[in-house]
Amino acid sequence: RLLAALRRRCDIAGKRLSGPGLAAEGRVLRAVLYVYHSRLLRHRPYLALQQVEQCLKRLWKMNLMGCLETLVGLIPKKNASKAQAECLVPSQPILETVALKVLGGCKLILRVLDCCCKAFLLSIKHLCSKEFILLNTVASGLLSRLWFVIHYRCVLQTLMSLYSALSTMLHLVSETQKTPYIKGFTFPSDVGDFLGVNVSSEAKKQKAKMLTAKKSTSWMKKFFPAMPEAVSKVGRKRKSETCTSAVKNRSILCPVDIGETVV
């Protein structure tokens, strides 16, 4: 029963870590840093973005996914013979290695959330100062999406529940056959004590700060005033006529401007 629960939690953690949202936001973050590298080396939001990217890079380089796949491969499958009184279980060195990497992954993800919150608030601050409006607008949207992907996909909570299953299994295996591999480190029984913060309350505080900071950017509506209804109808009608004529005349080689008129 414990082995089946451990396998299930490893699978869930692997899916959460390898999901398309986290990888996509990481690629966008690297692209933004590459574009603005030569122009904003001393800009504070840019430096904060670099800290977020460094934490994500460390998370991928620790190869947590590979360790989880190795552990799942060592757990007997469900279709194993139930008549056997004994079954093979992962050894204590394997469980200790995976548990240590899960603890490091929890610490790194908590650091990513903290860096995202700080960089977001910094981007909003410089955006309200009307400095580098394009960069700070892109950065604030990117950081908020990255924070919400990690938070609402429950990546950190999934790793914490995985560690609790690993801790239980490690305790039973060490009692059966004690073969310690990692020395000089005591594995905590609770991940919250290791992280040093209450994860749920900390996430609520960060969310409240980010939502409060978003309200301060209402001045941007002055740059993009609402289009009057009459002008909007004329623009839509002109756009429809242009699209219809372009479809009828397929021999046109030059591109057709089908955008609405900017007042």
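Because the structure is a prediction, the values reported are computed rather than measured. (Residues numbered from 1 in each chain as written. Predicted model: local features only at pLDDT ≥ 70, side-chain atom pairs only at ≥ 80, totals over all residues. Heavy atoms only, no water.)

Colleague: Hey, could you run me through the overall build of the protein in this one?
Modeller: Helix and strand content of the protein: 10 helices and zero strands. Put simply, the protein has 263 residues, and 38% of those count as buried. Residue pairs in contact within the protein that sit at least 24 positions apart in sequence constitute 84% of those at least 6 positions apart. For the protein, the computed accessible surface area is about 16,400 Å², with 58% contributed by carbon and sulfur atoms. (Helix = DSSP H or I, 4+ residues; strand = E, 2+ residues; numbered from the N terminus. Buried < 20%, exposed > 50% of the residue type's maximum accessible area, 1.4 Å probe, protein only. Contact = heavy atoms within 4.5 Å. Areas by Shrake-Rupley, 256 points an atom, 1.4 Å probe, with all protein chains shown as cover.)

Colleague: Explain the packing of aromatic side chains to me, please; I cannot follow it from the model alone.
Modeller: Note on aromatic pairs: each is described by the distance of the centres and the angle between the planes. By the definition in use, this model includes one aromatic pair. When the centroid spacing of 5.0 Å and the interplanar angle of 75 degrees are considered together, the rings of Trp147 and Phe148 count as edge-to-face. For Trp147, a relative accessible area of 0% corresponds to the buried category. (Phe/Tyr/Trp six-rings, centres within 6.5 Å; stacked < 30°, edge-to-face > 60°.)

Colleague: Help me out: how do you make sense of the packing of helix H2 (residues 20-35) against helix H3 (residues 44-61) in this one?
Modeller: If you want to describe how two helices pack, look at the angle between their axes and the distance between the axes. With their axes 10 Å apart at the nearest point, H2 and H3 run at an angle of 135 degrees to one another. The angle between H2 and H3 places the two elements in the oblique class. At the point where H2 passes H3, the crossing takes the left-handed sense. Packed against H2, whose contacting residues are Leu22, Gly26, Leu29, Arg30, Val32 and Leu33, the element H3 presents Tyr46, Leu49, Gln50, Val52, Glu53, Leu56 and Trp60 at the interface. (Axes fitted to C-alpha atoms, helices over the stretch in contact; angles between N-to-C directions. Parallel < 35°, antiparallel > 145°, perpendicular 65-115°, else oblique. Left-handed = near helix turned anticlockwise from the far one by under 90°.)

Colleague: Mind showing me how you'd approach the side chain of Ser140 here?
Modeller: Mapped onto the elements, Ser140 comes out in helix H6 (residues 133-152). You can call Ser140 buried: its relative accessible area is 10%. A polar side-chain atom of Ser140 sits 2.9 Å from the main-chain carbonyl oxygen of Thr137. Look past the residues within four positions of Ser140 in its chain and what remains in contact with it is Phe120, Ser123 and Ile124. (Polar contact = N/O pair within 3.5 Å; in protein donor to acceptor, adjacent residues only side chain to side chain.)

Colleague: Sorry, what's going on with the nonpolar core here?
Modeller: Here is a general trend for soluble globular proteins: nonpolar side chains tend to be buried in one another's company. Formed by 70 residues in total, the largest nonpolar core has its most connected members in Leu6, Val52, Val102, Leu159, Leu162 and Leu166. If you tally residues by element for this core, the top one is helix H5 (residues 92-128), at 19 residues. Beyond its immediate sequence surroundings of up to four residues, Val102 is in contact with Leu64, Leu159, Leu162, Tyr163 and Leu166. (Core = buried A, V, L, I, M, F, W, Y, C linked by side-chain atoms within 4.5 Å.)

Colleague: Just checking my understanding: could you explain helix H4 (residues 64-74) for this structure?
Modeller: Because each turn of an α-helix spans 3.6 residues, side chains separated by three or four positions in sequence point in the same direction. Here H4 has its buried residues at Leu64, Gly66, Cys67, Leu68, Leu71 and Val72. On the buried face of H4, the contacting elements are helix H1 (2-17), H5 and helix H7 (155-176).

Colleague: It is not clear to me how the confidence of the model for the protein should be interpreted in this structure. Could you clarify?
Modeller: Should the pLDDT be low somewhere, the predicted coordinates at that spot are not to be read in detail. The predicted model of the protein averages 76 in pLDDT, with 78% of residues at 70 or higher. In this model, residues 246-259 is a region of pLDDT below 50 whose contacts with residues beyond four sequence positions or in other chains number six contacts. (pLDDT = per-residue confidence, 0-100.)

Colleague: Can you help me understand the pattern of salt bridges in this one?
Modeller: Any two side chains of opposite charge can pair, on the condition that their charged atoms come close. Taken as a whole and judged by the stated rule, the model has four salt bridges. The closest approach of N and O atoms between Asp114 and Lys118, which form a salt bridge, is 3.3 Å. Of the two residues, Asp114 and Lys118 both sit in helix H5, four residues apart, roughly one turn of that helix. Overlapping salt bridges bring together Arg111, Asp114 and Lys118 as one network. (Salt bridge = Lys/Arg side-chain N within 4 Å of Asp/Glu carboxyl O.)

Colleague: Sorry, what's going on with the packing of H3 against H6 here?
Modeller: Where H3 meets H6, the axes come as close as 11 Å, and the angle between the chain directions of the two elements is 30 degrees. By the criterion of interaxial angle, the relationship of H3 to H6 is roughly parallel. Crossing geometry of H3 relative to H6 is assigned as left-handed. Here H3 contributes Pro45, Leu49, Val52 and Leu56 to the contact with H6, which in turn contributes Asn136, Ala139, Leu143 and Leu146. Split by residue class, the contact of H3 with H6 holds seven nonpolar, one polar and no charged. (Nonpolar A, V, L, I, M, F, W, Y, C, P; charged D, E, K, R; others polar.)

Colleague: I tried to follow the environment of Asp190 on my own but got confused; where do I start?
Modeller: Here Asp190 is to be found in the loop between H7 and helix H8 (191-195). As for Asp190 and Tyr163, which are separated by 27 residues in sequence, their C-alpha atoms are 8.6 Å apart.

Colleague: Sorry if this is basic, but what is going on with the environment of Val52 here?
Modeller: Tracing the chain through its elements places Val52 in helix H3. Taking the C-alpha atoms as reference, Val52 lies 5.8 Å from Val112; in sequence the two are 60 residues apart. Contact partners of Val52, with chain neighbours within four places excluded, come to Leu29, Cys115, Cys116, Ala119, Leu143 and Leu146.

Colleague: Help me out: how do you make sense of H6 in this one?
Modeller: Between its first and last C-alpha, H6 extends 28 Å over 20 residues, near the 28 Å set by a 1.5 Å rise per residue. Downstream of H6 by a residue or two, Cys154 has a phi angle that is positive, lying close to 55 degrees. (Expected span 1.5 Å × (residues − 1).)

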